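Single-letter residue listing:
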Amino acid sequence: MVTIRLSRGGSKKNPFYKIVVADIRSKRDGRYIERLGFYNPTAKGGEVSLRLDRERADHWIRQGAQPTDRAKQLLKQAAREAVAA
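An unreviewed UniProt entry lists the protein under the name Small ribosomal subunit protein bS16, from Thiorhodococcus drewsii AZ1. For the protein, the Sequence similarities (unreviewed entry) comment in UniProt is given as "Belongs to the bacterial ribosomal protein bS16 family."

Laid out in structure tokens, this is it:
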């Protein structure tokens, strides 16, 4: 099964996440199929906190990929920001 999930990067106490499509059997920060965007929870000032290719995410969801709970929240947030812009 394929899932849309977060892959952690960054340094200690300074997380940075990649939003990726990965096989459910691969490790959290391991191999992935495609990178859809990123999420930076510690963004300050003019930095972008969320960037997501919604078209590719919708493609993967149509193909049967299951987003994790946090990935679902970020997909909804990206949709709200796209409507507001």
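And the narrative resumes.
Q: Tell me what's going on with the side chain of S7, and back it up with residues and numbers.
A: Tracing the sequence through the fold places S7 in strand β1 (residues 2–11). With a relative accessible area of 2%, S7 lands in the buried category. Reaching out from S7, the side chain makes a polar contact with the side chain of D29 at a distance of 3.5 Å.

Q: Tell me about the pairing of strand β3 (residues 34–39), and name the residues and values.
A: Of all 6 residues that make up β3, 5 are buried, and the element is covered over most of its length. Where strand β2 (residues 14–23) lies against β3, 5 bridges are found, and the strand directions are antiparallel. Along β3, the bridge assignment pairs I19 with G37. The pairing of β3 with strand β4 (residues 50–52) spans 3 bridges and is classified as antiparallel. Bridge assignment links G37 to a residue of β4, and that residue is L52.

Q: Mind laying out the packing of helix α1 (residues 54–62) against helix α2 (residues 69–84), listing which residues take part and the relevant values?
A: Direction vectors running N to C along α1 and α2 enclose 140°, while the axes themselves pass 11 Å from each other. The pairing of α1 with α2 is recorded here as oblique in orientation. Of the two elements, α1 crosses α2, and the hand of that crossing is left-handed. Touching R54, A57 and I61 of α1 are L75, A78, A79 and A82, all from α2.

Q: I'd like to hear about the sheet that holds β1, residue by residue, with values.
A: Within the open sheet, the 5 strands sit side by side as β4-β3-β2-β1-β5. Their pairing is mixed. Whereas interior strands pair on both sides, the edge strands pair on one side only; in this sheet they are β4 and β5 (66–67). In the packing of α1 onto the sheet, the strands contacted are β1, β2, β3 and β4, and the crossing angle to β3 comes to about 125°. The sheet contacts of α2 involve β1, β2, β3, β4 and β5, and relative to β4 the element is tilted by about 90°.

Basis of the calculations
Residues numbered from 1 in each chain as written. Predicted model: local features only at pLDDT ≥ 70, side-chain atom pairs only at ≥ 80, totals over all residues. Heavy atoms only, no water. UniProt positions renumbered as here; feature names shortened; annotations may be inferred. Helix = DSSP H or I, 4+ residues; strand = E, 2+ residues; numbered from the N terminus. Buried < 20%, exposed > 50% of the residue type's maximum accessible area, 1.4 Å probe, protein only. Polar contact = N/O pair within 3.5 Å; in protein donor to acceptor, adjacent residues only side chain to side chain. Pairing = 2+ DSSP bridges. Axes fitted to C-alpha atoms, helices over the stretch in contact; angles between N-to-C directions. Parallel < 35°, antiparallel > 145°, perpendicular 65-115°, else oblique. Left-handed = near helix turned anticlockwise from the far one by under 90°. Contact = heavy atoms within 4.5 Å.

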